[in-house]
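Read off the chains here:
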Amino acid sequence: MSPNRVHVLYSTRRYFSIPELSSESVWMKDRQRVEEILQSMSKDGSNTLQVISDFDLTLTRFSYNGKRCPTCHNILEGSNAISNEARQTLDDLLHTYYPIEIDISRPVEEKLPLMVEWWTKAHELLVQQRIKKDELAEAVRQSEARLREGYECFFDCLHEHAIPLLIFSAGIGDILEEVIRQANVFHPNVKVISNYMDFDESGILRAFKGELIHIYNKREGALLNTGHFEELRSRPNVLLMGDSLGDLDMADGVQDMKNILKIGFLNDKLKERKQSYMDSYDVVLVGDASLEVPNAVIRFLTGNK
């Protein structure tokens, strides 16, 4: 590499206010634009910020010790709450539909009905298992689910500065809440929008509540006409975090949005999906990344530089 090339790289990286963004595992298509967004958000103050995040494989790890970590649905699969036959069926559904979910060559219009089909089949199967409400906490405790390294700082810092954290998930809300509750980070500023179980008077799962939430319809518009939505109207700056291209729509419905910084976790199939993620997310974190970069961004935006 020529001396001039070294100087260019050094100057570009030095330009950033957040050193963590200069890591080789951080990809950005337009570094200057990211800096401009951060400076604008910082100038407005942390009281104008809200964080919108996916959960499975975004706030949770993709793998640990070479083994794939479970999603909310997978946590139930690996528990004693369901039969071996149901477990195999759920695994078959995963191997059928997950490749479709991450296939960048298929348009959303084609994938949408298939994602609805996947989630509907999975939920119907879980209802048939007559899962008991008091089995959920143990299922989480016995699982290999793990929040990403740095989660304490992430949740605690947002709570300390009273910054709303909206978690939109196509998973199971009851399981999701139990994961963050057992990690002691389920603070009052956290709002979860997900698929929640409906238990009968005996504590047996009988259905799922409300409209099915899947990867392509989870967004802030779901809070329309609620008190929580009104509270967010004064927070036009958004930090969005996701691990799929479907997560990019989660901020739809934000009123009078001024700035949005989109951080994407590219967990696997890096070569095939690199360009689409670079084109869609402002910052792409490669591999099973920690929350170091989001934490650094939050520290910068809250004045803890």
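Here the structure is shown first, and the text comes after it.
What you are looking at is a predicted structure, and each value in this text was computed from that prediction instead of being measured.

Within this structure, the stated rule accounts for four aromatic pairs. Aromatic pair Trp 118 and Trp 119: ring centres 4.2 Å apart, planes at 85°, arrangement edge-to-face. Here the two residues Trp 118 and Trp 119 agree in accessibility, since each one is buried. The rings of Tyr 97, Trp 118 and Trp 119 are connected pair by pair, giving a single aromatic cluster. Across the ring face of Tyr 98, the terminal group of Arg 68 is positioned such that the distance to the ring centre comes to 5.2 Å. Directly above the aromatic system of Tyr 64 lies the positively charged group of Arg 146, at a separation of 3.8 Å from the ring centroid.

Moving on, we get to the layout of surface pockets. Of the voids in this model, the largest pocket is the one considered here, and its volume is about 310 Å³. If you go around the largest pocket, you meet 15 residues; those closest to its centre are Lys 67, Arg 68, Cys 69, Pro 70 and Asn 74. Of all elements in the fold, only strand 4 (67–68), helix 3 (72–77) and helix 4 (84–101) reach the threshold of two or more residues within the lining of the largest pocket. With three residues, helix 3 is the single largest residue contributor to the lining of the largest pocket. Tallied by class, residues from the lining of the largest pocket come to five nonpolar, five polar and five charged.

Right, let's get into empty space enclosed by the protein. Enumeration over the complete set of coordinates arrives at one cavity of 30 Å³ or more. There is about 450 Å³ of room inside the largest cavity. Forming the boundary of the largest cavity are 32 residues, of which Asp 56, Thr 71, Glu 101, Trp 118 and Trp 119 lie nearest the centre. Listing elements by their share of the lining of the largest cavity, those giving two or more residues are helix 3, helix 4, helix 5 (108–128), strand 5 (165–172) and helix 10 (270–280). Two domains each donate at least three residues to the lining of the largest cavity, and these are domain 1 (19–62 + 146–302) and domain 2 (70–142).

Judged by how many residues are buried, helix 11 (residues 292–301) sits mostly within the fold: eight of 10 residues are covered. Every buried residue of helix 11 is listed here: Val 293, Pro 294, Asn 295, Ala 296, Val 297, Ile 298, Phe 300 and Leu 301. Following helix 11 by one or two positions, Gly 303 adopts a phi angle in the positive range, close to 90°.

A cluster of acidic residues, Glu 149, Glu 152, Asp 156, Glu 160 and Glu 292, forms a negative patch on the protein surface. Of all the elements, helix 7 (residues 151–160) adds the most residues to the negative patch, at three residues. In this fold, Glu 292 is placed in helix 11. Residue class for Glu 292 comes out partly exposed when judged on its relative accessible area of 45%.

Mapped onto the elements of the fold, Lys 111 is located in helix 5. In terms of polar contacts, Lys 111 uses its side chain to reach the backbone carbonyl oxygen of Asp 103, at 3.2 Å. Dropping the residues within four chain positions of it, Lys 111 is found in contact with Ile 100, Glu 101, Asp 103, Arg 106 and Tyr 216.

The rules behind each value
Residues numbered from 1 in each chain as written. Predicted model: local features only at pLDDT ≥ 70, side-chain atom pairs only at ≥ 80, totals over all residues. Heavy atoms only, no water. Phe/Tyr/Trp six-rings, centres within 6.5 Å; stacked < 30°, edge-to-face > 60°. Buried < 20%, exposed > 50% of the residue type's maximum accessible area, 1.4 Å probe, protein only. Lys NZ or Arg CZ within 6 Å of the ring centre and 35° of its normal. 1 Å grid on protein atoms, 1.4 Å probe; cavity = no way out; pocket = protein on both sides within 12 Å on 5 of 7 lines; lining within 4 Å. Points joined across faces, edges and corners; volume = space filled by probe spheres on them. Helix = DSSP H or I, 4+ residues; strand = E, 2+ residues; numbered from the N terminus. Nonpolar A, V, L, I, M, F, W, Y, C, P; charged D, E, K, R; others polar. Domains from an automatic or database assignment. Patch = residues over 30% accessible without salt bridge, like charges linked within 9 Å, V, L, I, M, F, W, Y side chains within 5 Å. Areas by Shrake-Rupley, 256 points an atom, 1.4 Å probe, with all protein chains shown as cover. Salt bridge = Lys/Arg side-chain N within 4 Å of Asp/Glu carboxyl O. Lys, Arg positive; Asp, Glu negative; His and termini not counted. Charge placed at Lys NZ, Arg CZ, Asp CG, Glu CD. Polar contact = N/O pair within 3.5 Å; in protein donor to acceptor, adjacent residues only side chain to side chain. Contact = heavy atoms within 4.5 Å.

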